[in-house]
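# Structural characterization, general
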Amino acid sequence: MTGGNADDEVLVSIRNLVFSRGSRKIFDGVDLDIPRGKITAIMGPSGTGKTTLLKLIGGQLRPDSGTITVDGRIVHELSLGRLYELRKKIGMLFQTGALLTDLNVFENVAFPLREHTKLPESMIRTLVLMKLQAVGLRGARDLMPAQLSGGMARRVALARAITLDPMMILYDEPFTGQDPISMGVLVKLIRDLNRELGLTSIVVSHDVEETASIADYIYLISEGKVVGQGTPDAIRHSESPWVLQFMEGLADGPVPFHYPAPDYAADLLNPPA
Amino acid sequence: MQSSKAIEIWVGLFVAAGLIALFFLAMQVSNLAELKSNGDSYRIVARFENIGSLRVRAPVSVAGVTVGRVSAISFDNQTYEAVVEMRIDPKYDTLPIDTSASILTAGLLGEQYIGLTPGGAEEHLTDGDEIELTQSAIVLEQVISRFLFNKAEGGDKGSGSNDGGTPTE
Amino acid sequence: MLALFQKLGYTTLSTLQKLGRANLFILHVVTGLPEILTRVRLLLVQVYSVGVLTVLLVSISGLFVGMVLGLQGYNVLSDFGAEQTLGVMVAASLVRELGPVVTALLFSGRAGSALTAEIGLMKATEQLSGMEMMAVDPVKRIIAPRFFAGCLSMPLLASLFSMIGVMGGYFVGVGLLGVDEGAFWAQMKSRIDFYDDVVNGLIKSAVFGVIVTWIAVFEGYDAVPTSEGVSRATTRSVVYSAFAVLGWDFVLTALMFGGD
Ligand SMILES: Nc1ncnc2c1ncn2[C@@H]1O[C@H](COP(=O)(O)OP(=O)(O)O)[C@@H](O)[C@H]1O
Ligand SMILES: [Mg+2]
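The present account deals with the structure reproduced in this document. (Residues numbered from 1 in each chain as written. Chains lettered and ligands numbered in written order. Predicted model: local features only at pLDDT ≥ 70, side-chain atom pairs only at ≥ 80, totals over all residues. Heavy atoms only, no water.)

## Side note on the interface of chain C and chain B
Counting residues at the interface gives 32 residues for chain C, matched by 28 residues for chain B. Summing both sides of the interface, chain C and chain B together bury roughly 2,700 Å²; the carbon and sulfur share of this comes to 74%. Taken together, the links from chain C to chain B amount to one salt bridge. Remark: the boundary between chain C and chain B carries one residue pair in polar contact (both at pLDDT 80 or more). Looking at the side of chain C that touches chain B, the elements with two or more residues in it are α3 (40-79), α4 (86-124), α6 (138-176), α7 (181-191) and α8 (194-221) of chain C. Ranked by residue count, the leading element in the side of chain C that touches chain B is α6 of chain C, at nine residues. Residues belonging to the side of chain C that touches chain B are distributed by class as follows: 21 nonpolar, five polar and six charged. (Contact = heavy atoms within 4.5 Å. Buried area = accessible area lost by both parts, 1.4 Å probe. Salt bridge = Lys/Arg side-chain N within 4 Å of Asp/Glu carboxyl O. Polar contact = N/O pair within 3.5 Å; in protein donor to acceptor, adjacent residues only side chain to side chain. Helix = DSSP H or I, 4+ residues; strand = E, 2+ residues; numbered from the N terminus. Nonpolar A, V, L, I, M, F, W, Y, C, P; charged D, E, K, R; others polar.)

Take a look at the structure:
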């Protein structure tokens, strides 16, 4: 179905996922597999439910039907205690960074350690400085989140996401709204972390170029379904008109330019009574 | 954001200030100090034909000074009288044995309290003693109805009822 | 017509649903108590921002309310020649009613609204969600210390308010208008009962503390996570708190002072 690996090579496996918000079906029978140690990208237009998918994987939302398995455990069947144990092994980088605004950079990165371990202060300091060094912000340890640029905030959040040495990191739109330099820094960081720490990464994004440059495998999602998948090269050379429209950024195609509306001429000629 | 030590100090000051305020309300504004000294107060009783609207904890005063409080009110099934128990501050332990007690009203419509009038005996009231001389509460409705009744009689027979106190109903 | 009933039904159901959520929420918050007791620092920081930062407002308001009571009370009482009882009037009004009620209203405006906005913003900026993903329960880590700090601060603030109010009444009555000082305090002491007045007032302020803080943290946690949603939640927090405090004040007063 996916990268064609043996089952123990698959860290996250989603089968026949159905999830709705109100009457709107956000996922309608999605199947996908995330291989261990690889960077898998999940792409799709805004509002398709990429963030929702990450929250489903992290157990913050429950599917209406279907199963989500992470590291051999079915996420939505875990007790709260087990779920929290699992989450300690998953880092998540939120779209906005989600840094705690009343703590400075150092304390933000130290937060998971203080909450989950009883390490002595000197050890915490060493670990935090190591993680900050990895994202290049050791010098910014005393700044408050409000003093950081968007790109810096995301790097701090990344340092925080790796403090507990997770097995997997979920990145929610890591590149959105970044200038080219920050974008380059983030691309490099995600790639290096994945390689050096042996992490599994899921990158959710609609930035075609950057994502294609780091991903090992790409899923394209639209209207609740997987509409295309493959390695970046395969995707680029896909013949599917939808994939083509998304990858090339064409205004009109299978995803219509117009929001569903009555016929234009009829609409103009018949003003409401 | 304050340093953690400053926060601790401020919170400490705040809690202390709140507790001082509470202590002030208890000791200076309310009667707690008095209630506490109740332990070694002594108890006297008095019987009244009618206590009006006297309540437990009403003040007991001598010459306008509060010397104690009403601690219990009960009804005697044999004599049909109200039995009022008072606790008197041990500071005031020289009340003569022939002291009289009356139920008075603070102001025209105010709260009722017990006024003690010391007599001339040498002996003093002690714990458990009973005051023999009592005067019941003046019940405004009864005063008015008697006044109207007397008017209606034309006053030719003078006062028909005895003055000893108000009849029990 | 049918639409009207439908709307009524919808409003009723969604209100009941919200009440249900608020109750489950508070149960969840209370389970956070043992954790707070092992990490008192979390509580201290919140007592600072909820309690200490409200002291100035409460003190100044208490002073002026007490002074006004002294002035108004004197005007009324001196007509009956009863200005000796000014202390009683000032203290009874403060200890029984104004202390708990006005402090709760001030507290909701100063601290409650700030709590709602803070928690709502943390939700809108995904800080709460982020905490959940770090395997930290935001209700226990963020909400519980704030809730208990509010419950703890309210009675202290109300006591401060009453004390300073009595001082204000004393200042105006005895200091400016010449009421006899001895009578002022002696009458007060003999007519204000510790259990009936002071303790009941304290119970009232504790109840208001729970209600106001509960509403504040719940509205923040339940806010629609947008800037508009947070601003609406903040308004609701203050309005609902005011209604709840005044309504419960009536109930408590009837229970405490109405019986005898
Ligand atoms: N809390 C929520 N309540 C209701 N609808 C929501 C909520 N969060 C997201 N949605 C809806 O779910 C859809 C998917 O949202 P999201 O996962 O954030 O999309 P993406 O991240 O792909 O841009 C959107 O249409 C959004 O309006
Ligand atoms: Mg999103």
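## Regarding the site of ligand 1
Residues and elements named next belong to chain A. Every residue near ligand 1 is listed here: Arg21, Arg24, Ile26, Ser46, Gly47, Thr48, Gly49, Lys50, Thr51 and Thr52. Contacts to ligand 1 include threonine 51, whose side-chain N or O atom sits 2.6 Å from an oxygen atom. Protein coverage of the free-state accessible area of ligand 1, which is 560 Å², stands at 57%. Mapped onto the shell around ligand 1, the elements with two or more residues apiece are β2 (24-35) and α1 (50-57). (Near = heavy atom within 4 Å. Areas by Shrake-Rupley, 256 points an atom, 1.4 Å probe, with all protein chains shown as cover.)

## A closer look at the side chain of asparagine 194 of chain A
With respect to the helices and strands, asparagine 194 of chain A occurs in helix α6 (residues 180-197). Of note is the side chain of asparagine 194 of chain A, whose polar atom sits 2.5 Å from the side chain of serine 201 of chain A.

## Points about the interface of chain C and chain A
Taken together, the contact between chain C and chain A spans 16 residues of the former and 22 residues of the latter. Both sides of the chain C and chain A interface together cover about 1,700 Å² of buried area, and 56% of this is carbon and sulfur. For chain C, the biggest contributors to the area lost against chain A are Glu126, Met133 and Met134 of chain C; these three give 40% of the whole. Our count for the chain C to chain A interface comes out at two salt bridges. For glutamate 115 of chain A, the salt bridge is made with arginine 141 of chain C, and the minimal N-O distance between the two is 2.5 Å. Our count for the contact surface shared by chain C and chain A stands at nine residue pairs in polar contact (both at pLDDT 80 or more). The set of elements that each furnish at least two residues to the side of chain C that touches chain A consists of α5 (127-133) and α6 of chain C.

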